[in-house]
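Residues per chain, in single letters:
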Amino acid sequence: MSSTVFATVRTALRSVLHWKPMLPLPRKGGSPALALLPLVERVPAMAAPCRMHPAVYAIEAAVIDWARRTGLRADAGVGFHRMAGRAFAEFDAAAAALFAQWLTWLFHLDDELDEGSCPLDIFGGMLKGAARHPLEAAFADLWRVTSARMSDQWRARFAVNLRRQADACRTEADNRAAGRMPTLEEYPALRRGTVGPYLYDLVEPCLRVEVPAWVVQCDPWRELVDACSDVTAWCNDVASRPKERGDVHNLVELAVRQLGLGEREAVAWVLDRIAGRCQDMNRAARRLPLDDLPPKAARDVSKVACAYLAAPRAHLDWLLESSRYA
């Protein structure tokens, strides 16, 4: 790998890792996500709001059109197009629109599973290409577009992660039926399953790249993905707890019940862990084996890693403005 290309890739990663505040914080309101604001003082990569994609309204229109065509809702106040517009602000609008469509589908799935209106065997139906349920039909539509340019290895990886979500959702359902709560030690791995681990696979087709299989399996990459998943999932737990009060599948709730903390103390405890996982993300990104890759592959890997590193602040901005948890 030439020294010029290597320097360019490292600079791209460094710009995300050491992002400095340049814009004002989001306007304060009544969102439960305001409890997350101390993170902007503690985590450099979350210190400033993400830039919004210049084509955000076109992205919104694409999501609304797709949702209507597939029979799903697209609530403008929820704003998945804005989350994707921030996470993919440096890439083309088609990448952000495809990711926003997947987010719309995922949150519909999450809501219907929580409400009990969607059977858990829907995961098997999706893997088999069924289209009986609107969520199955919407999945098939997204899958056709998303998987077209990807290798069999990538498709197999996605299927494994879809099964991981099915298994995690089944564990949650079994816990609720038995009146059991996960331990604080068990919870992170369980939450990585329910949050939709294939979301991180989807960054690649959205950007029209593919991370080499050996990089996906290396320790730094796996730690980067796991840490990013933990940060976004635990931020979501803080913001969603008032809406889902009493559900033990929430890190704040577990801290209250298992550590004997008050609510404010439990939130502070979770924020400490989120800040720690942000540091883990940064360390993992610096350890990526970019110098062992050809120039184009190194650029592709760097693009995906930069999208992961931008995700926590993009997610925070969305939590602060979305009506989903208001």
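Residues numbered from 1 in each chain as written. Predicted model: local features only at pLDDT ≥ 70, side-chain atom pairs only at ≥ 80, totals over all residues. Heavy atoms only, no water.

Peer 1: How would you explain the confidence of the model for the chain if you had to name every residue and give the values?
Peer 2: Confidence in the prediction of the chain, expressed as mean pLDDT, is 89, and 90% of residues score 70 or more. The element-level mean pLDDT for the chain is lowest in helix α1 (residues 3-17), coming to 50, with helix α11 (residues 213-217) highest at 98. Considering only residues more than four positions removed or in separate chains, one finds that residues 15-29, a stretch of pLDDT under 50, has 30 contacts. (pLDDT = per-residue confidence, 0-100. Helix = DSSP H or I, 4+ residues; strand = E, 2+ residues; numbered from the N terminus. Contact = heavy atoms within 4.5 Å.)

Peer 1: Let's hear about the side chain of Arg324: which residues, and what values?
Peer 2: With respect to the helices and strands, the residue Arg324 is situated in the segment after α15 (295-321). For Arg324, the side chain forms a polar contact with the side chain of Asp111, separated by 2.7 Å. Beyond its immediate chain neighbours, meaning those up to four positions away, Arg324 contacts Val78, Phe107, Asp110, Asp111, Lys243 and Trp318. (Polar contact = N/O pair within 3.5 Å; in protein donor to acceptor, adjacent residues only side chain to side chain.)

Peer 1: Tell me about the packing of helix α3 (residues 56-70) against helix α4 (residues 80-87), residues and numbers included.
Peer 2: Two numbers describe how α3 lies on α4: the axes approach to 9 Å, and their chain directions differ by 130 degrees. As summarised for this structure, α3 and α4 are arranged oblique, according to the angle between their axes. Classified by chirality, the crossing of α4 by α3 is right-handed. Taking contact as the criterion, the partners of Val56, Ile59, Glu60 and Val63 in α3 are, on α4, His81, Arg82 and Gly85. (Axes fitted to C-alpha atoms, helices over the stretch in contact; angles between N-to-C directions. Parallel < 35°, antiparallel > 145°, perpendicular 65-115°, else oblique. Left-handed = near helix turned anticlockwise from the far one by under 90°.)

Peer 1: If you had to explain empty space enclosed by the protein to someone new, which residues and values would you point to?
Peer 2: Tallying each qualifying case throughout the model produces 1 cavity of 30 Å³ or more. Of the volumes computed, that of the largest cavity is approximately 30 Å³. Every element with two or more residues in the lining of the largest cavity is listed here: α14 (263-286) and α15. Top contributing element to the lining of the largest cavity by residue count: α14, with 3 residues. Per-class residue counts for the lining of the largest cavity are 7 nonpolar, 1 polar and no charged. (1 Å grid on protein atoms, 1.4 Å probe; cavity = no way out; pocket = protein on both sides within 12 Å on 5 of 7 lines; lining within 4 Å. Points joined across faces, edges and corners; volume = space filled by probe spheres on them. Nonpolar A, V, L, I, M, F, W, Y, C, P; charged D, E, K, R; others polar.)

Peer 1: Give me the packing of aromatic side chains: which residues, what numbers.
Peer 2: Considering all chains together, one arrives at 19 aromatic pairs under this definition. Measuring from ring centre to ring centre gives 5.7 Å for Trp102 and Phe139, while their planes differ by 80 degrees; the resulting arrangement is edge-to-face. Residue Trp102 is found in helix α5 (residues 93-115), and its partner Phe139 is found in helix α7 (residues 134-146); the two are separated by 37 residues along the sequence. The class of Trp102 is buried, set by a relative accessible area of 1%. Residue classification places Phe139 among the buried residues on the basis of a relative accessible area of 4%. Between Trp318 and Tyr325, the aromatic rings sit 6.3 Å apart at their centres with planes inclined by 80 degrees, giving edge-to-face as the arrangement. What makes Trp318 buried here is its relative accessible area of 0%. Of the residues examined, Tyr325 reaches a relative accessible area of 6% and is grouped as buried. (Phe/Tyr/Trp six-rings, centres within 6.5 Å; stacked < 30°, edge-to-face > 60°. Buried < 20%, exposed > 50% of the residue type's maximum accessible area, 1.4 Å probe, protein only.)

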